[in-house]
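Structure at a glance
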Amino acid sequence: MDLTSNISKTLTMFKLQFYSNNKLREISFFDNYEENDVKISVINNSSHIKLELSTNQKVILKSLVAETDFKLSENDKIFVNGYQSWTDSQEFSANEKMKRLPFFAKITNKFFKFKQYGDYTFFKQKLKKGDFYGFAYAYIRNEENYKFFASNNENFAHTIILFSVKEQKIRFIVDCENIEMTNTATLLDITQLKGSKSIINEYFKSISDNKKATPKIGWTSWYNYYQKINEKIILSNLEQFKNYFPKGSQFQIDDGFQTAVGDWLSIDKYKFPNGLSPIVEKIHSLGYEAGLWLAPFSAQKNSKLAKDHPDWILKDNNGKKVFGGINWGGFYALDFYNKDVKNYLKNVFDTILNYWNFDLIKLDFLYSVAIIPQHGKSRAKVMSEAMDFLREIVGEKKILGCGVPIAQAFNNVDYCRIGCDISLDWNGKFYEKWLHRERVSTYNSLKNTIFRHFLDDNVFLNDPDVFLLRNDNIKLTKNQKITLFLINSIFGSLVFTSDDFSKYEEWQKLLLKNLEYFHKAKVLSVEENNDLVKFSFKIENKTYLAFSNLSKKTMQINCVNLQLLDIFTFEKKQDNFQNSLQPFETKLYEG
């Protein structure tokens, strides 16, 4: 893959720990290495770092770190990709300090299980000012010059990319603890590139399997009704939906149809007395596709599944049940390698997709299957095999992945959430910032939509989460609603809302009618600095430029000689606040 010139070669030191013959061995090396029963082959050049280990007897890995000197300047912006869909992912200035699990979350973890949502249980390194880490891929940006790093080995183990500005080093840390080996395996495989921003898009295009789903717009029940759904609510919203959305759009029933999480075929008869099949028939009769939510590897503590099949629950090395999180009063992770669990899921999916006839299935809280290493396999290997299994049993129907470690979703899902859930306000109450990095936040969701846009239409189609324009059951301001609508509809390939359209005012109806047009956008360029986002995009034969202010402060922008457009009508309009952007405002200009 010849994308552009490679990064200048620097010397890489490898540190490997493993158990052999029940003894812990630790070796450090720069090049090929051979000792007794272990042979290590190394590729270390300006475009590639690769390490392969061969052994003829059982070896249990403990840790692997590849460390290289690297010049990092104060002007650099460093992007690090979060662990899973919901984890905040953004650029940092070199002098910032990256937040992990705040003290408040640590002391309340025993009850709330915050650590289960992210990487907190296995990546415990303390971070100093100027330390930044992420998973699978990262980049360093100095104006328009990029240095890009990507792991090609995420089905073997998670690769954590750690930058240290103070030490002027990059470390590639492989989450390989307890991996059992008896033959040959690639432990580390890193591509390194430098050039313009196009190298990132070209890299992800090069690893794509080119099986593309169709971009969709649609509706989901979650962000208005949450679990308080019933047949009447769903059908009432479907009746309104047909007035605004074209044929082929997606209409999704979210959490709340089942009696308990895990008991997927036990429909709540008080809410849905006729079951779900008649609703699916109605959706199809109107020319739409039907979607359904579930969390396949999760079981609510009080579910029938958890009570009747305790052997289906994942256990740690001490025989304790593995919690997935506090949602629904607490839930367990299922043991994916239990044959009965697989058979149960096969039956669930067969019923939902082939008998109830849903077209798309949203699979959530997927991380829970791989919270711990299992059966001599890494977390990433477990996650990869679980995703392969889901892809196999869903077949040609569509998957929307959510709450999933991002790299293990590559080419395995049709659509993927690339940010946290939006909140009904901008960034939550003040104390919510003390929670985990996967917390609900409209602000964090938008940042992920912007910084993970490279993945879209390459390894899957991006789901940026919903936009909300309504007036009731919401605390977003009008500017915040419009900015959320524009960024999601322009950057996203799967764009949903949860609003009741019967309550819309005229401005909301006008903006909703523009959804199809904005959804055709092809993003050309993106710049983000201190919550000011500048992006250009093309729709059909027209080019546009937009500025979005994600902060509560007025921002100054350079829009001299640019023609301001009305977001609702696309007509030219006078700019009464030229060169400034009000809090949370987005302005649209002719390109």
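Right above here is the structure, for reference.
For the structure given in this document, a descriptive report is provided here.

1. Here's the deal with the pattern of salt bridges
- As enumerated under the stated definition, the model contains 27 salt bridges in all.
- A salt bridge links Glu167 to Arg171; the nearest nitrogen and oxygen atoms lie 2.7 Å apart.
- Judged by its relative accessible area of 36%, Glu167 falls in the partly exposed class.
- Here Arg417 ties to Asp465 by a salt bridge, and the two come within 3.1 Å at their closest N and O atoms. Of this pair, Arg417 sits in strand β24 (residues 415–417) while Asp465 sits in the loop between β25 (461–463) and α12 (478–491), and the two are 48 residues apart along the sequence. Assigned by exposure class, Arg417 and Asp465 land together as buried.
- Within the structure, one salt-bridge network assembled from shared partners comprises Glu67, Asp69, Lys128, Asp131, Glu167, Lys169 and Arg171.

2. Points about unusual backbone geometry
- Here Asn178, not a glycine, exhibits a phi torsion of approximately 75 degrees, which is positive.
- Examined against the element boundaries, Asn178 turns out to sit in the loop between β13 (169–174) and β14 (180–181).
- With a phi angle near 60 degrees, Trp328 is a residue other than glycine that sits in the positive phi range.
- Among the secondary structure elements, Trp328 is positioned in the loop between β20 (323–325) and β21 (331–333).
- Residue class for Trp328 comes out buried when judged on its relative accessible area of 18%.

3. Structural notes on the sheet that holds strand β29 (residues 542–549)
- Strand order in this open sheet of five strands is β27-β28-β29-β33-β31, and the pairing throughout is antiparallel. Both edges of this open sheet fall to β27 (522–529) and β31 (564–565), since each of them pairs with a single strand only.
- Two elements, β31 and strand β33 (residues 586–590), share two bridges in a ladder whose sense is antiparallel. When the sheet's bridge partners are listed, Leu565 is paired in β33 with Leu588.

4. Describing a positive patch on the surface
- Together, Lys99, Lys433, Lys552 and Lys553 make up a region of like positive charge exposed at the surface.
- You can see Lys553 is positioned in the loop between β29 and β30 (555–556).

Rules behind the numbers
- Residues numbered from 1 in each chain as written.
- Predicted model: local features only at pLDDT ≥ 70, side-chain atom pairs only at ≥ 80, totals over all residues.
- Heavy atoms only, no water.
- Salt bridge = Lys/Arg side-chain N within 4 Å of Asp/Glu carboxyl O.
- Buried < 20%, exposed > 50% of the residue type's maximum accessible area, 1.4 Å probe, protein only.
- Helix = DSSP H or I, 4+ residues; strand = E, 2+ residues; numbered from the N terminus.
- Pairing = 2+ DSSP bridges.
- Patch = residues over 30% accessible without salt bridge, like charges linked within 9 Å, V, L, I, M, F, W, Y side chains within 5 Å.
- Areas by Shrake-Rupley, 256 points an atom, 1.4 Å probe, with all protein chains shown as cover.
- Lys, Arg positive; Asp, Glu negative; His and termini not counted.
- Charge placed at Lys NZ, Arg CZ, Asp CG, Glu CD.

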